[in-house]
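Structural overview for review
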Amino acid sequence: MKNLNEMFVALLFVVLASLATLAVAEENRVTTIEYENGDVYTVPENENVFVSTQDNLFSYHPYQKAVQFKKQWPTDKVDKPIATPNPNPAGSHEWCKAHVPYETGYSFSDQTWERHCDTNNDREYGCGDERFDASDEGASCLTTTNTTSSTGTAKSTGSFTDVDEYGFSQACADFDTDQQATFGYISWQQICDTNNDGEYNICDYYEPTGSATFADIQYNKQCSSSDGS
């Protein structure tokens, strides 16, 4: 009985010693390797790393009828660099402001600009475009800013799509139609001059209500002919 107790104590000691060895090994386990050039390699849990000053090392692999030695080469594994996200990706507010459309013809970037930036199709990025209005600079669109043209006529810097309760757009009315063969003029034709008569008037924007209002009377009087004149 005494020998049995001694064997049990000895076995318990071996188990505890093994557990302690494993705990120390886990505590001292190398999790990262830092190279002199600044590269870092994170060691996975199922991978062992051996550090040696020898350069001619082999691993031993016994089989049933043979033994194999495999040459061990220094590892060149390093962690993949963390990609730095682009702070201004294509289609963002800052990208839309910086992009110059059609500078090199018609490119894929111009397609992105048209789709994500120039949402009101006036061939410029600013007030009236969804992404611009939603940005911090969108607050400036709440006030009307006027500039003076070379002829001294006040011109609105608003968008063609900025309209009042009757559908009237001050930007359409102020646009200089002498600027033909430009993207601005093409946009003006598409958005403002809906009846294609070469001018912007009530026939282009007003929707008659059928009531005897001043606007309806003016619309019926001015737009009774097919050309809206």
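Whatever comes next refers back to the structure up there.
Residues numbered from 1 in each chain as written. Predicted model: local features only at pLDDT ≥ 70, side-chain atom pairs only at ≥ 80, totals over all residues. Heavy atoms only, no water.

1. Examining the state of the cysteines
Rule in force here: The disulfide criterion used throughout: a pair of cysteine sulfur atoms within 2.5 Å. Helix and strand definitions here come from DSSP, where helices need a minimum of 4 consecutive H or I residues and strands a minimum of 2 consecutive E residues; each element is numbered from the N-terminal end. Burial status follows relative accessibility: with a 1.4 Å probe on protein chains alone, a residue under 20% of its type maximum counts as buried, one over 50% as exposed, and anything between as partly exposed.
Under the definition given, this model contains three disulfides. Here C203 is linked by a disulfide to C223, with a sulfur-sulfur distance of 1.9 Å. Here the S-S torsion is close to -100°, and the disulfide linking C203 with C223 is therefore left-handed. Taken together, the positions of C203 in helix α7 (residues 202-205) and C223 in the segment after α8 (214-222) put the pair 20 residues apart, joining distant regions of the chain. Pair check on accessibility: C203 and C223 agree, each one buried.

2. A few points about the pattern of salt bridges
The criterion, for reference: Put simply, a salt bridge is a Lys or Arg side-chain nitrogen that is within 4 Å of an Asp or Glu carboxyl oxygen.
Tallying each qualifying case throughout the model produces two salt bridges. A salt bridge links K97 to E94; the nearest nitrogen and oxygen atoms lie 3.7 Å apart. Residue K97 and its partner E94 are located together in helix α2 (residues 93-98), separated by three residues, close to a single helical turn. Relative accessible area serves as the criterion here: at 38%, K97 is assigned to the partly exposed category. Assessed through its relative accessible area of 39%, E94 is described here as partly exposed. Between E137 and K97 there is a salt bridge whose closest N-O contact spans 2.6 Å. Within this pair, whereas E137 is found in the loop between α4 (130-133) and β5 (146-148), its partner K97 is found in helix α2, the two being separated by 40 residues in sequence. One network of salt bridges, in which partners are shared, links E94, K97 and E137.

3. A word on the nonpolar core
Selection rule: In these notes, a set of buried Ala, Val, Leu, Ile, Met, Phe, Trp, Tyr and Cys residues joined through side-chain atoms within 4.5 Å is what counts as a nonpolar core.
The biggest cluster of nonpolar side chains holds eight residues, and these are F160, A171, C172, F175, Y185, W188, C192 and Y200. Mapped by element, the contributors of at least two residues to this core are α5 (170-174) and α6 (183-191).

4. Observations concerning the layout of surface pockets
Worth spelling out the cut-off: The way it works is a 1 Å grid over only the protein atoms, where trapped points that fit a 1.4 Å probe form a cavity and open points with protein on both sides within 12 Å along at least five of seven lines form a pocket, and then any residue with an atom within 4 Å of a point lines it. Grid points are joined across faces, edges and corners, and a volume is the space filled by probe spheres set on the points.
Taken as a whole, the largest pocket spans an internal volume of roughly 730 Å³. Considering the residues around the largest pocket, the lining is formed by 19 residues, among which V49, F50, W73, P74 and T75 are closest to the centre.

5. Details of the packing of aromatic side chains
Which entries qualify depends on this criterion: Within 6.5 Å between ring centres, the rings of Phe, Tyr and Trp (the latter by its six-membered ring) count as paired, and their orientation is classed by plane angle as stacked under 30 degrees, edge-to-face over 60, tilted in between. Only when the NZ atom of a Lys or the CZ atom of an Arg is both within 6 Å of the ring centre and within 35 degrees of the ring normal do we say a charge sits over the ring.
Counted by the stated rule, this structure contains eight aromatic pairs. Pairing F168 with Y200 gives two aromatic rings, centres 5.9 Å apart and planes at 40°, and the pair type is tilted. In this pair, F168 sits in the loop between β6 (154-156) and α5 while Y200 sits in the loop between α6 and α7, placing the two residues 32 residues apart along the sequence. A relative accessible area of 24% places F168 in the partly exposed class. The buried category is assigned to Y200, whose relative accessible area is 16%. Ring pairing ties together the aromatic residues Y102, Y106 and W113, which thus form one cluster. Over the ring of F58 we find K71, and its NZ or CZ is 5.3 Å from the ring centre.

6. Things to note about the pairing of strand β4 (residues 67-72)
Test applied: Pairing between strands is defined by DSSP: at least two bridges between the two strands are required.
Relative to β4, strand β3 (residues 57-62) runs antiparallel, the two being bridged by six bridges. Looking at the pairing, Y60 lines up with F69 of β4. Turn length for the β3-β4 hairpin, with the two strands adjacent in sequence and antiparallel, is four residues.

7. Re the environment of E114
Heads up, the condition is: The criterion used for residue contact is that any of the two residues' heavy atoms lie within 4.5 Å. Any pair of N or O atoms that falls within 3.5 Å is considered a polar contact. Within protein, one atom must be able to donate a hydrogen and the other to accept it, and sequence-neighbouring residues count only if both atoms are side-chain atoms.
With respect to the element layout, E114 can be found in helix α3 (residues 108-116). Spatially, the C-alpha atoms of E114 and E124 are 9.2 Å apart, while their sequence positions differ by ten residues. Beyond its immediate stretch of four places on either side in the chain, E114 contacts Y102, Y106 and T119. At a separation of 2.7 Å, a polar atom in the side chain of E114 contacts the side chain of Y106.

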